[in-house]
Amino acid sequence: MLIPYSVTPRDYFFKEGGKLLCAGNIDQVCSLFSKLTSKAFESELEDRYRILSLGGYLDAAFAESPLAASEDGWRIFEWCKRSECTDEASSSLYEVSASEIGYYIALEGGFFNSLGPGGYQAILDVFLESLPLQTILMSKPVKSIQWDLNKKSLGTESRERSHPIKIICENEESFEADHVIVTVSLGVLKQHAGAMFEPALPKSKMDAIERLGFGTVDKIFLCFSERFWPEDCAGIQLVWDEGPEDKAVYGSQTEGDGWKKTWFKKICGFDTVARHPTVLCGWITGREALHMETLQDGEVADICVKLLRSFTGWSVPDVSQVLISKWGSDPWVFGSYTFVPHMVNGVKEHEAMAYDLNLYINAHTYFFRSLTNIQLIDCEATHVNFYTTTHGAYLSGIREAQRLINHYSDKALCP
């Protein structure tokens, strides 16, 4: 997220009908788009723009530029907004807050994928080597968490429990604990938080779960028997006459299911893939991505090939293999990452997500120095500045570990 646009000369931009767009005009529009988004990310928006959605602000600012009157200016600008949707994990920039994204902090330096062929699993393997066997239990989906069992009523009497938390799995197996750190995604919480916790979570947390956005970003990998694109081509970008991030088009599709007929217009383009010389990767976001996940892989592949043929005019062979991510329908995540919707106070909701329930119990039920500590770190969704990112998830884990360390350090000092 928030990587400045850097469209290289090797990106091929095609209009409908096969026309290759002029690189000069593309660079000018993309450069202006980068400057406009940077103002939002750096909290430099004028007051008149702060109340707008990100899409609304960008449209208003671009309209004041001479580039708006240039040939294909608005079409290229629509592509920029469509591409930005993949960073925001949103169905549309008209649904994203323009002012709140200024709280996000981008790390310095260039963007490089240095995970290698092992992916994230290689990182996990290093940690797993230091853990005793059976420390991590697999295939134990959690059905409910009873997190306030310090006292259990027995008629008119009560007794203290040795463990204040009980975790019940879907197979009815249960575990007792002193502390629980819940790391499921915001998407899972949106689906199950209402039934997962007993008693119900505080209203502030439930409101935050509802108000924060959690969008879907999917990739479409197309493998061909041979490379058909030029050696200097790093990406084939699709510029529509009327794309889904065009304000008029978006406004006409806010109700009904008409957008499903043109879901493929949400695909920004197809980029080359490092270490895979005959593979292209398409990106798609939001409700269109969710709809795509309901289709057969072969149907998606056929549509992508038709797009490549109609836009480029090149001789594009059929794909030999297709691989599609389906994060939106994955029951363990139900989406990709968090965004702050228009008219939502992101800082307030991120902090509510990260609020320690131990503090809630002490403040509201008067269990002095309660051992209960259930914390919805929810990975990236609880970090005010690094939401959407892996390092945000990592840092939120460090935060929760430190809370437990502090808890027992304080207890040792004040037994």
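Residues numbered from 1 in each chain as written. Predicted model: local features only at pLDDT ≥ 70, side-chain atom pairs only at ≥ 80, totals over all residues. Heavy atoms only, no water.

Trainee: Describe in detail the nonpolar core, supporting the description with residues and values.
Mentor: Leu 36, Leu 54, Tyr 57, Leu 58, Phe 62 and Phe 197 are the most contacted members of the largest nonpolar core, which has 57 residues in total. Taken together, the elements giving at least two residues each to this core come down to helix H1 (23-41), helix H3 (54-63), helix H4 (73-88), strand S5 (165-169), strand S7 (179-182), helix H6 (186-196), helix H7 (203-211) and helix H11 (346-354). A per-element tally of this core places H1 first, with eight residues. Residue contacts for Tyr 57: discarding those within four places in its chain leaves Leu 36, Lys 39, Ala 40, Leu 45, Tyr 49, Leu 52 and Ala 98. (Core = buried A, V, L, I, M, F, W, Y, C linked by side-chain atoms within 4.5 Å. Buried < 20%, exposed > 50% of the residue type's maximum accessible area, 1.4 Å probe, protein only. Helix = DSSP H or I, 4+ residues; strand = E, 2+ residues; numbered from the N terminus. Contact = heavy atoms within 4.5 Å.)

Trainee: Got a sec to walk through the packing of aromatic side chains? Specific residues and values, please.
Mentor: Counted according to the given criterion, the structure contains 17 aromatic pairs. Consider the rings of Tyr 12 and Trp 314, whose centres lie 5.9 Å apart with planes at 70 degrees: the pair is edge-to-face. Of this pair, Tyr 12 sits in strand S1 (residues 11-15) while Trp 314 is found in the loop between helix H10 (297-312) and strand S14 (321-324), placing the two residues 302 residues apart along the sequence. Classification of Trp 314 by relative accessible area gives partly exposed; the value is 23%. Relative to Phe 264, the ring of Trp 240 lies with its centre 6.1 Å away and its plane at 45 degrees, an arrangement referred to as tilted. Residue Trp 240 is found in the loop between strand S11 (235-239) and helix H8 (247-252), and its partner Phe 264 is found in the loop between H8 and strand S12 (269-273); the two are separated by 24 residues along the sequence. When its relative accessible area of 6% is taken as the criterion, Trp 240 is described as buried. Put simply, the rings of Tyr 12, Phe 14, Phe 224, Phe 228, Trp 229 and Trp 314 touch in pairs and so form one group of aromatic residues. (Phe/Tyr/Trp six-rings, centres within 6.5 Å; stacked < 30°, edge-to-face > 60°.)

Trainee: Outline the packing of H1 against H3, listing residues and values.
Mentor: Where H1 meets H3, the closest approach of the two axes is 11 Å, and the angle between their N-to-C directions is 130 degrees. Accordingly, the angle class assigned to the pair H1 and H3 is oblique. Both H1 and H3 take part in a crossing whose hand is right-handed. In contact with Val 29, Leu 32, Phe 33, Leu 36, Thr 37, Lys 39 and Ala 40 of H1, H3 contributes Leu 54, Tyr 57, Leu 58, Ala 61 and Phe 62. Among the residues making up the contact of H1 with H3, the classes are represented as ten nonpolar, one polar and one charged. (Axes fitted to C-alpha atoms, helices over the stretch in contact; angles between N-to-C directions. Parallel < 35°, antiparallel > 145°, perpendicular 65-115°, else oblique. Left-handed = near helix turned anticlockwise from the far one by under 90°. Nonpolar A, V, L, I, M, F, W, Y, C, P; charged D, E, K, R; others polar.)

Trainee: Tell me about unusual backbone geometry, and name the residues and values.
Mentor: For the peptide bond that leads from Glu 198 to Pro 199, omega is 0 degrees, which places it in the cis range. Topologically, Pro 199 is positioned in the loop between strand S8 (197-198) and H7. Residues other than glycine seldom take positive phi values, yet Asp 72 does so here, at roughly 70 degrees. Structurally, Asp 72 can be placed in the loop between H3 and H4. Given a relative accessible area of 7%, Asp 72 falls into the buried group.

Trainee: I'd like a description of the sheet that holds S12, backed by residues and values.
Mentor: Ordered by their spatial adjacency, six strands build an open sheet running S1-S11-S12-S13-S10-S14, and the pairing between neighbours is mixed. Single-partner strands in this sheet number two, and they are S1 and S14. Pairs of neighbouring strands in the sheet enclose a mean axial angle of 20 degrees, with direction left out of account. Contacts between H4 and the sheet are confined to S1, strand S10 (217-223), S11 and strand S13 (276-285), with S11 contributing the most and set at about 115 degrees to the helix. (Pairing = 2+ DSSP bridges.)

Trainee: Talk me through the pattern of salt bridges; I want residue IDs and the actual numbers.
Mentor: Taken as a whole, this structure holds 20 salt bridges when the rule is applied. In this structure, the salt-bridge partner of Arg 48 is Glu 64, at a minimum N-O distance of 3.1 Å. Residue Arg 48 is located in helix H2 (residues 47-50), and its partner Glu 64 is located in the loop between H3 and H4; the two are separated by 16 residues in the primary sequence. Taking relative accessible area as the criterion, Arg 48 reaches 45% and is therefore assigned partly exposed. A network of salt bridges, in which partner residues are shared, links Lys 15, Asp 72, Arg 75 and Asp 241. (Salt bridge = Lys/Arg side-chain N within 4 Å of Asp/Glu carboxyl O.)

Trainee: Which residues make up the side chain of Arg 82, and what values go with them?
Mentor: Along the polypeptide, Arg 82 turns up in helix H4. Classification of Arg 82 by relative accessible area gives buried; the value is 0%. Engagement of the side chain of Arg 82 in a polar contact is seen with the backbone oxygen of Leu 238, the distance being 3.0 Å. Excluding residues within four positions of it along the chain, Arg 82 makes contact with Leu 238, Val 239, Trp 240, Pro 244, Glu 245, Lys 265, Lys 266, Ile 267 and Cys 268. (Polar contact = N/O pair within 3.5 Å; in protein donor to acceptor, adjacent residues only side chain to side chain.)

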